[in-house]
Amino acid sequence: MGAGAQELLIRNATVHTATAQGTLKNADVLVSGGTIRAVGTGLSVPAGAQVVDAQGRSVTPTLFGGITEIGLEEVSGERDTVDNTLALGADTKQMTVRPEFDVTLAYNPDSILVPVTRIEGIGWTLLGAGTATGGSIVAGQGGIVRLDGSADPIGPRELFLRIGGDAAGLSGNSRAAQWMILDQLIDEVRGRISPDANAALLTPAGRAALAKYIGGGGRVVVEVDRAADIRQLLRWSQRHNVRVAIAGGAEAWRVAPMLASAKVPVFVNPLGNLPADFDKLGATMENAARLRAAGVQVGFTQAGDASHNARKIRQLAGNAVANGLSWEDGLAGLTRVPAETFGVADRLGSIAPGKRADLVLWSGDPLEVNAVALQVWMDGRAIQMRSRQTELRDRYLRTASPAAEGGMPRAYPASGR
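None of the values given here were measured: they were computed from a predicted structure.

**What to know about the UniProt feature "domain: Amidohydrolase-related" (unreviewed entry) in the protein chain**
Logical step 1: Residues given the UniProt feature "domain: Amidohydrolase-related" (unreviewed entry) here are residues 262-367.
Logical step 2: Measuring from the first to the last C-alpha atom of residues 262-367 gives 29 Å, for a span that is 28% helix and 9% strand.

**Notes on the packing of aromatic side chains**
One pair of aromatic rings is described through two measures. These are the centre distance and the angle between the planes.
Logical step 1: Tallied over the entire structure, the rule returns five aromatic pairs.
Logical step 2: Ring centres of F64 and F267 lie 6.2 Å apart, and the angle between their planes is 65°; on these two criteria the pair is classed as edge-to-face. Of this pair, F64 sits in strand β6 (residues 63-68) while F267 sits in strand β12 (residues 266-268), and the two are 203 residues apart along the sequence.
Logical step 3: Between F64 and F342, the aromatic rings sit 6.1 Å apart at their centres with planes inclined by 40°, giving tilted as the arrangement. Within this pair, whereas F64 is found in strand β6, its partner F342 is found in the loop between α9 (336-341) and β14 (359-362), the two being separated by 278 residues in sequence. Like F342, F64 is buried.

**Details of helix α3 (residues 204-211)**
Logical step 1: By the burial criterion, the buried members of α3 are G206, R207, A209 and L210. Taken down its axis, α3 places every buried residue within 165° of arc, on the same side.

**Comments concerning the layout of surface pockets**
Logical step 1: Roughly 880 Å³ of internal volume is contained in the largest pocket.
Logical step 2: Residue lining of the largest pocket: 38 residues in total, with E223, A247, Q302, A303 and G304 positioned closest to the centre.
Logical step 3: Secondary-structure elements contributing two or more residues to the lining of the largest pocket are β6, β9 (154-162), β10 (219-224) and β11 (243-248).
Logical step 4: Taken together, the residues of the lining of the largest pocket break down into 16 nonpolar, 15 polar and seven charged.
Logical step 5: Its boundaries defined by the atoms lining it, the second largest pocket holds a volume of some 180 Å³.
Logical step 6: Taken together, V116, I119, E120, R311, V372, A373, M385, S387, Q389, T390 and R393 make up the full set of residues lining the second largest pocket.
Logical step 7: Looking at the lining of the second largest pocket element by element, the count peaks at three residues for helix α10 (residues 388-397).
Logical step 8: For the lining of the second largest pocket, a count of residues per class yields five nonpolar, three polar and three charged.

**Looking at unusual backbone geometry**
Logical step 1: Even without being a glycine, Q55 presents a positive backbone phi close to 55°.
Logical step 2: Looking at the secondary structure, you find Q55 in the loop between β4 (50-53) and β5 (58-61).

**Points about the packing of helix α2 (residues 176-189) against helix α4 (residues 227-240)**
Logical step 1: Put simply, α2 and α4 touch, their axes get as near as 12 Å, and they point 10° apart. Classed by the angle they form, the pair α2 and α4 counts as roughly parallel. At the point where α2 passes α4, the crossing takes the right-handed sense. Counted together, W179, L182, D183 and I186 of α2 and D229, Q232, L233, W236, R239 and H240 of α4 form the full contact between these two elements.
Logical step 2: The residue makeup of the contact of α2 with α4, split by class, is five nonpolar, two polar and three charged.

The rules behind the values
Residues numbered from 1 in each chain as written. Predicted model: local features only at pLDDT ≥ 70, side-chain atom pairs only at ≥ 80, totals over all residues. Heavy atoms only, no water. UniProt positions renumbered as here; feature names shortened; annotations may be inferred. Helix = DSSP H or I, 4+ residues; strand = E, 2+ residues; numbered from the N terminus. Phe/Tyr/Trp six-rings, centres within 6.5 Å; stacked < 30°, edge-to-face > 60°. Buried < 20%, exposed > 50% of the residue type's maximum accessible area, 1.4 Å probe, protein only. Arc of directions from axis to C-beta. 1 Å grid on protein atoms, 1.4 Å probe; cavity = no way out; pocket = protein on both sides within 12 Å on 5 of 7 lines; lining within 4 Å. Points joined across faces, edges and corners; volume = space filled by probe spheres on them. Nonpolar A, V, L, I, M, F, W, Y, C, P; charged D, E, K, R; others polar. Axes fitted to C-alpha atoms, helices over the stretch in contact; angles between N-to-C directions. Parallel < 35°, antiparallel > 145°, perpendicular 65-115°, else oblique. Left-handed = near helix turned anticlockwise from the far one by under 90°. Contact = heavy atoms within 4.5 Å.

Written out as structure tokens, the structure reads:
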């Protein structure tokens, strides 16, 4: 990290507040003690404050990296470095349901992926629990972490479920069985099935953990794509008063009015445009725009290797804007919407007095692929814009001395000469 928290004034910026104020031209942001103190024009410079002239460039809150395993995985192909799934059963016939499983306990703030992601303007992410053979459709719990090097998550925990055809192997090869299992789990939580019954699936800790998400408690994040499955999810969640958010939602636009009425936010992959499987036959790059037009709160998350490529999420938002979503809603999907959905809006996701001074100065439009983060501040501290990737770049760009002068291959650090 850079210098300790101090008074900072960013002047003459295009400030994208991600609040009802919208975008402020030629505005200033005053930071003191790691907190935003004022946003406006012509703010006076406190004694001893560092002044940064943005020269009209964009300033945003640090962006949401989506649902990832940053700090939970290091090398995707090396199982010993991946900690986001639980598989205590030997196979699908030995399903284990452990909602008490909390992936944040394995978070490594020293992961190489943290600075790699942070210098791209991504300041926070939701650690997600994944499903695997020997586990269940109830993946476990995760939470928000700031990519500032701190070890502990912030805000409440979220519970992760996976519903649909891709998860049918975890439920006896039938998606219908997924609702049967979920209803049984609620019966166990509510005492309608004895803990020592032969068919009981939950441990005492599991019942206590799941109880926090039933009856209007914590947020449940459901990975689901097919419109018919989303419809069943809404019925199930309303019947049991479960607060849900959807991740994926390739066909969510088909039930957009129902989602808006139920106030269910949807975190879409705006590049989903092909029927990759039978749950995504209705995929369209206009998904985000159609959902938002119906009144749904829209955020973004990636499919595939989201942890190592978290930087791409702002390109996803840009593609959603290119396909009909407003620019302000595109930015909101990376800032305010996830902050509100996951219970950290009092600290993150917007530029307003009292919020943490997690800020980014951009070279251009932050939703354009050709823009880069010029400087990132976390709690008002300017971070070093370096990562393992930039160090490797600089090493291999360096001109090697001739061998006759004792030069070594470019792969060697200068100190080894």
